[in-house]
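# Geometric and topological summary
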Amino acid sequence: MSEFVESLMNEVKAKNPSEPEFHQAVFEVAESLELVLERHPEYRSAKVLERIIEPERVMMFRVPWMDDQGDVQINRGFRIEMNSAIGPYKGGLRFHPSVNLGILKFLAFEQVFKNSLTTLPMGGGKGGSDFDPKGKSDNEVMRFCQSFMSELFRHIGPNTDVPAGDIGVGGREIGFLFGQYKRLRNEFTGVLTGKGLNWGGSLIRPEATGFGSVYFAAEMLATRNETLEGKTCLVSGSGNVAQFTTQKILELGGKVVTVSDSSGSIYDEEGIDNEKLKFIMDLKNVRRGRMKEYAEKYSGAVYTPSDPNADHNPLWDHKADAAFPSATQNEINEKDATNLLKNGVYVVSEGANMPTTIEGVNLFLDKKILYGPGKAANAGGVAVSGLEMAQNSMRYSWTREEVDNRLRIIMKEIHKTCIETSAKYGTEGNYVNGANIGGFVKVANAMLDQGIV
Ligand code: NDP
């Protein structure tokens, strides 16, 4: 570690104690940016990186609501407005019991670079709550969302801050949040993305993150004149990103043999076909059940319950060509990365945010596999959110083909930026450097133009 990164990290840790995920995200970016800061002392003297690390604004608030038994429940709500140099704050809301300030700051920090990479004018933000929608009735979720928005509404707006979904926040939650915003403000605007199709949503938004991550993998493979056809793929998670990643892999001729949820994972050697995927979508989106039921329905599949004390995740220990982590942060540790490489995986496209630990990332980079970090590979979701904002501003909707085509072009552009930037800084093929530097430069230049704010 260089002197600059070491002293920066000491300061970040002292100022933001007990936020290991935030430290991890900053460290990874700082290491890549050394190359740029050496060549551009103007960024260094204006303390651009140090300013990006400090959120522009953080909101933390009480979210009281009443459950179906009439008992009062209290959760904590957050919104991190990280950086608005190139556009309104933009980033998802996560509802999960693990949510805390440090996790949301890591996500908001990553979002700044990701949004910049999309080529669209969006700043970075993130928010959420430690509320767990699992096991709650629709009415409980609605009451929670209404209470959450009763505070959040004063901080957001179509030109200020435009939240979207993330873990635990899908179409149902966005609907309840939007309804309450509209009621409080008495205006119908594109203040949230991921909306329903008949009230301002964009076609392809639900699919965008998963599709985008597969398009990114296809772009990486194309650099070796290969395609996904016939490739065996490991997918983790079974939510929004995992479902549409699976769908697109199947469309492009690949085979998906794993999926999971927080209780356990499925290995289906025969492959998950479209009919099985339909079952998963109904199980997770409608019946809100557990993946264990998949193995009960399809006898060839093996279910392994999660073991929080295990030193690795068995999902990553199968013969395969490609891996698409699509559940959560740090789900691939050093041992998992070793297992992936041992089993022949040479393409990793991250649908989830920061799913690989630093040790795992270093292994992938050392072995020079096709490794697409989340900032680049999962940017398709926020890109189509940007397209939803554009359609809302025009009060117009594009067709499915039009949005999908734009998504493909954006993923191609992001890939090109990563490749060209990594080469420009002497680390050709290193998508981590490419994404971090590519995302940083646009934001940094805007910050220089706008003065010390
Ligand atoms: P969903 O809530 O739809 O699905 C999340 C999936 O991951 C579920 O299968 C869930 O299992 C599993 N999961 C969540 N937390 C954990 C955990 N701590 N341990 C093990 N499994 C877990 O979320 P998304 O699909 O939207 O998000 C998945 C990832 O993709 C996240 O990292 C998110 O930040 C990232 N992402 C999402 C985007 C989007 O557009 N939605 C955009 C860019 C990135 P269970 O059902 O048991 O909860």
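Quick notes on the rules
- Residues numbered from 1 in each chain as written.
- Predicted model: local features only at pLDDT ≥ 70, side-chain atom pairs only at ≥ 80, totals over all residues.
- Heavy atoms only, no water.
- Phe/Tyr/Trp six-rings, centres within 6.5 Å; stacked < 30°, edge-to-face > 60°.
- Buried < 20%, exposed > 50% of the residue type's maximum accessible area, 1.4 Å probe, protein only.
- Lys NZ or Arg CZ within 6 Å of the ring centre and 35° of its normal.
- Domains from an automatic or database assignment.
- Contact = heavy atoms within 4.5 Å.
- Buried area = accessible area lost by both parts, 1.4 Å probe.
- Salt bridge = Lys/Arg side-chain N within 4 Å of Asp/Glu carboxyl O.
- Polar contact = N/O pair within 3.5 Å; in protein donor to acceptor, adjacent residues only side chain to side chain.
- Helix = DSSP H or I, 4+ residues; strand = E, 2+ residues; numbered from the N terminus.
- Nonpolar A, V, L, I, M, F, W, Y, C, P; charged D, E, K, R; others polar.
- 1 Å grid on protein atoms, 1.4 Å probe; cavity = no way out; pocket = protein on both sides within 12 Å on 5 of 7 lines; lining within 4 Å.
- Points joined across faces, edges and corners; volume = space filled by probe spheres on them.
- Near = heavy atom within 4 Å.
- Areas by Shrake-Rupley, 256 points an atom, 1.4 Å probe, with all protein chains shown as cover.
- Pairing = 2+ DSSP bridges.
- Right-handed = clockwise from strand over helix to strand, strands pointing away.

The next point concerns the packing of aromatic side chains. In this structure the tally under the stated criterion is 20 aromatic pairs. Ring centres of tyrosine 294 and tyrosine 298 lie 4.9 Å apart, and the angle between their planes is 50°; this geometry places the pair in the tilted category. Considered together, tyrosine 294 and tyrosine 298 belong to a single accessibility category, that of buried residues. Aromatic rings pair up to connect Phe61, Trp65, Phe95, Phe131, Phe144 and Phe148 into one cluster. Between lysine 105 and the ring centre of phenylalanine 22, over which it is positioned, the NZ or CZ distance is 4.7 Å. Between the NZ or CZ atom of lysine 248 and the centre of the ring of phenylalanine 211, over which it lies, the distance is 4.3 Å.

Partitioning the protein into structural domains gives domain 1 (3–188) and domain 2 (208–372). Taking only C-alpha atoms into account, the centre of domain 1 sits 26 Å from that of domain 2. Domain 1 puts 15 residues into the contact, and the matching count from domain 2 is twelve residues. In total, domain 1 and domain 2 occlude about 1100 Å² of area from one another, counting both sides; carbon and sulfur atoms represent 48% of this. Remark: the boundary between domain 1 and domain 2 carries zero salt bridges. Across the domain 1-domain 2 interface, the total number found is four residue pairs in polar contact (both at pLDDT 80 or more). Contributing elements (two or more residues each) for the side of domain 1 that touches domain 2: α2 (20–39) and α5 (101–117). By residue number, the principal contributor to the side of domain 1 that touches domain 2 is α5, which donates five residues. A per-class count over the side of domain 1 that touches domain 2 returns six nonpolar, one polar and eight charged.

In this structure the tally under the stated criterion is one cavity of 30 Å³ or more. Taken as a whole, the largest cavity spans an internal volume of roughly 60 Å³. In this structure, the largest cavity is lined by Glu28, Glu110, Glu350, Met354, Thr356, Val361, Tyr371, Pro373, Gly374 and Lys375. Residue composition of the lining of the largest cavity, by class: four nonpolar, two polar and four charged.

Right, let's talk about the pattern of salt bridges for a bit. Tallying each qualifying case throughout the model produces 28 salt bridges. Of the charged contacts, one joins arginine 172 and glutamate 173 as a salt bridge, the two residues approaching to 3.0 Å between their closest N and O atoms. Here the two residues arginine 172 and glutamate 173 agree in accessibility, since each one is buried. Lysine 276 serves as the salt-bridge partner of aspartate 268, at 3.0 Å between the closest nitrogen and oxygen. In this structure, aspartate 268 and lysine 276 share a single accessibility class: buried. One network of salt bridges, with partners in common, ties together Glu28, Glu110 and Lys375.

The environment of the ligand is made up of 25 residues, and the closest members are Asp166, Thr209, Ser262, Arg290 and Asn353. Within the backbone of serine 238, an N or O atom sits 2.9 Å from an oxygen atom of the ligand. Valine 241 places a main-chain nitrogen or oxygen 2.9 Å from an oxygen atom of the ligand. Relative to its free-state accessible area of 890 Å², the ligand is covered by the protein chains to the extent of 83%. Counting residues per element, the ones that place at least two in the shell around the ligand are α8 (205–222), α9 (240–251) and β7 (255–261). Split into classes, the residues belonging to the shell around the ligand amount to four nonpolar, 14 polar and seven charged. The two domains that each donate at least three residues to the shell around the ligand are domain 1 (3–188) and domain 2 (208–372).

Next up on the list: the side chain of histidine 318. Here histidine 318 lies in the loop between β9 (302–305) and β10 (322–324). Setting aside residues no more than four positions away along its own chain, histidine 318 makes contact with Leu234, Thr258, Tyr267 and Asn343.

Among the seven residues in strand β3 (residues 89–95), seven count as buried, and that is most of the element. Across four bridges, β3 lies against strand β5 (residues 161–164) in parallel orientation. What sits directly across from glycine 92, in β5, is alanine 164. In terms of strand pairing, β3 meets strand β4 (residues 124–129) through three bridges, oriented parallel. Within the sheet, the bridge partner assigned to phenylalanine 95 lies in β4 and is serine 129. Note that the unit made of β3, α5 and β4 has a crossover that is right-handed.

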